[in-house]
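Listed below are the residues making up each chain.
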Amino acid sequence: MTTLYATLDVTSDATLDEIKRAYRRAAMKWHPDRNPGREAEAHAAFQQIRDAYSILSDAEQRRVYDDVFEREMRRWEAEHAAEEAQERQAQEEARRAAQEHYEKMVAIAMRFADDGHGRDVLFGVLLGRDCEPDLAGRIADSVWALQQSRNATAQAETASTAEPTQAAGSDTPRTDKPGSAFETFWHGLFGFR
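Residues numbered from 1 in each chain as written. Predicted model: local features only at pLDDT ≥ 70, side-chain atom pairs only at ≥ 80, totals over all residues. Heavy atoms only, no water.

Peer 1: Can you help me understand the pattern of salt bridges in this one?
Peer 2: When the charged atoms of two side chains lie near each other, side chains of opposite charge can form a pair. Going through the model one piece at a time under the given rule, you end up with 11 salt bridges. The salt bridge involving Glu 70 is made with Arg 74; its shortest N-O contact spans 2.9 Å. Within this pair, Glu 70 and its partner Arg 74 are both found in helix α4 (residues 59-114), separated by four residues, close to a single helical turn. The partner of Glu 92 in a salt bridge is Arg 96, and the shortest N-O contact between them spans 3.7 Å. Of this pair, Glu 92 and Arg 96 both sit in helix α4, four residues apart, roughly one helical turn. Using a relative accessible area of 40% as the deciding quantity, one classes Arg 96 as partly exposed. One salt-bridge network, in which partners are shared between bridges, spans Glu 60, Arg 63 and Asp 67. (Salt bridge = Lys/Arg side-chain N within 4 Å of Asp/Glu carboxyl O. Helix = DSSP H or I, 4+ residues; strand = E, 2+ residues; numbered from the N terminus. Buried < 20%, exposed > 50% of the residue type's maximum accessible area, 1.4 Å probe, protein only.)

The following block contains the structure:
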């Protein structure tokens, strides 16, 4: 917001002499006769300079201007602060909605991965649930990698805790070992086979 002080390039506490000097300097710079080829622009600037000087050089008009300007600045700042608060609230709501959407998509992908579906199925399911392709790809990749890691860990745990698959000197494999991580947990907890 340009003030009359800014038009004359002085501070709001400038003296009358400083205002006069600034007016002369600005008037010389923007006089239409000194700006050939830019007469229209110079005329508009010169008129603003004259108006600013006429108000700021009169003590009573300057006092009224300062009062009105101060009131309007407070009003403008209050409106500006309210708009910024609304923008921040809208951004926070959008961030929260995006986070909820992301968490929902991850939960869906986890459920399908737990059911044994592959990465491409996870990707397709997420696309079908209005997930953007880039996000669907990242979630499908991450959940699939997590599922593969979980499966590898479960297999390693099963192999390290399971009894030998063959009795010494026997060619027949044992068939009483659990088949999944859940079964291993269940059997270990309750001792059922």
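Picking up after the structure, the text goes on.
Peer 1: Is there a simple way to think about unusual backbone geometry in this case?
Peer 2: One non-glycine residue, Asp 9, lies in the positive phi region at around 60°. One non-glycine residue, Asp 130, lies in the positive phi region at around 60°. Following the sequence through the fold, Asp 130 ends up in the loop between α5 (119-128) and α6 (133-161).

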